[in-house]
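Now for the letters of each chain:
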Amino acid sequence: MPMLDDAALDQIFRTARTYNGYTDATVSRDDVRAIWDLMKWAPTSANQMPARMIWCTTDAAKAKLADCVSAQNAPKILKAPVSVIIGMDRDFHEHLPTLFPHVDAKAWFDGNAELRAASAFRNSSLQGAYFIIAARALGLDMGPMSGFDGGKIDTAFFAETPSVTVNFISTLGHGDPATIFDRSPRPDFETFNTIV
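Note that this is a predicted model, so its numbers are computed, not measured.

Student: How should the packing of aromatic side chains be read in this particular structure?
Tutor: Two aromatic rings are characterised by how far apart their centres lie and by the angle between their planes. Per the counting criterion, the structure on display carries four aromatic pairs. Plain terms: the ring middles of Phe-100 and Trp-108 are 6.2 Å apart, the flat faces sit at 65° to each other, and that makes the pair edge-to-face. Relative to Phe-109, the ring of Trp-108 has its centre 6.4 Å away and its plane inclined at 50°; by these criteria the two rings are tilted. Within the aromatic cluster, the residues linked to one another by ring pairs are Phe-92, Phe-100, Trp-108 and Phe-109. Note that Lys-64 overlies the ring of Phe-157, its terminal NZ or CZ placed 4.8 Å from the centroid.

In structure tokens form, the structure reads like this:
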């Protein structure tokens, strides 16, 4: 497999930034679908795919989400073209006969709520990272965030699917450079890594 060139690596990682605000450029439903259609190919354990994404594109949906977040984050959500809830389904195993058909992977999780919860969190977090990479690869920017009341989000958006809870949220659009500050430091390899 050939290595990506420097321009692609810059766009996805080195010069990409987390944005607090966006230009007036729109994000279409086709853009949203394109992100999913790219990120769905990335790996999760046993192809579990526990992430459940809610893409808030209307003013009403964004206002509903903004009511569940900190005072600092609410304006970001209201002004963004799209705000995304990355949820995690603790009953993801019900889909494994379709998503991982060559073994009875569902049986690994039947009757084990603790294992399902840990796996849903781990793999939906991976999918959230793939969302970031896919959006950047497609020329979009985002602002992933904590700073929300998870219980309120679950009640507001997942009441009909109680096995799903929020993992994290993000804004999405075409980033406005005026809304970012100087880049925070990134350590060299030796600071946090050990080769054994």
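Having seen the structure, we can now continue with the description.
Student: Before we go on, may I ask you to explain the nonpolar core in this structure?
Tutor: Among the nonpolar cores identified, the biggest contains 18 residues, and Ile-35, Met-39, Met-53, Val-84, Phe-131 and Leu-172 are the most heavily contacted of them. The set of elements that each furnish at least two residues to this core consists of helix H2 (29-39), strand E1 (51-56), strand E2 (82-89), helix H7 (113-137) and strand E4 (164-173). Broken down by element, the residue count for this core peaks at five residues, all from H7. Grouped together as the second largest cluster of nonpolar side chains are 16 residues, Cys-56, Ala-66, Ile-153 and Phe-158 included.

Student: Explain the sheet that holds E1 to me, please; I cannot follow it from the model alone.
Tutor: Paired through their backbone hydrogen bonds, the strands of a sheet run either parallel or antiparallel. Strand order in the open sheet formed by four strands is E1-E2-E4-E3, with antiparallel pairing between adjacent strands. Of all strands in the sheet, those with a lone pairing partner are E1 and strand E3 (141-145), marking the two edges. Averaged over all pairs of adjacent strands, the angle between strand axes in this sheet comes to 25°, irrespective of strand direction. Relative to E4, E2 runs antiparallel, the two being bridged by eight bridges. Across the sheet, residue Ile-85 finds its bridge partner in E4, namely Ile-169.

Student: Could you clarify how one ought to interpret the side chain of Lys-76 in this entry?
Tutor: Structurally, the position occupied by Lys-76 is in helix H4 (residues 74-79). Buried charge Lys-76 goes without a salt bridge, the closest partner of opposite sign being Asp-176 at 13 Å. Those residues within four positions of Lys-76 in sequence are excluded, and the remaining contacts are Asn-20, Met-145 and Thr-171.

The rules behind these values
Residues numbered from 1 in each chain as written. Predicted model: local features only at pLDDT ≥ 70, side-chain atom pairs only at ≥ 80, totals over all residues. Heavy atoms only, no water. Phe/Tyr/Trp six-rings, centres within 6.5 Å; stacked < 30°, edge-to-face > 60°. Lys NZ or Arg CZ within 6 Å of the ring centre and 35° of its normal. Core = buried A, V, L, I, M, F, W, Y, C linked by side-chain atoms within 4.5 Å. Buried < 20%, exposed > 50% of the residue type's maximum accessible area, 1.4 Å probe, protein only. Helix = DSSP H or I, 4+ residues; strand = E, 2+ residues; numbered from the N terminus. Pairing = 2+ DSSP bridges. Axes fitted to C-alpha atoms, helices over the stretch in contact; angles between N-to-C directions. Lys, Arg positive; Asp, Glu negative; His and termini not counted. Salt bridge = Lys/Arg side-chain N within 4 Å of Asp/Glu carboxyl O. Contact = heavy atoms within 4.5 Å.

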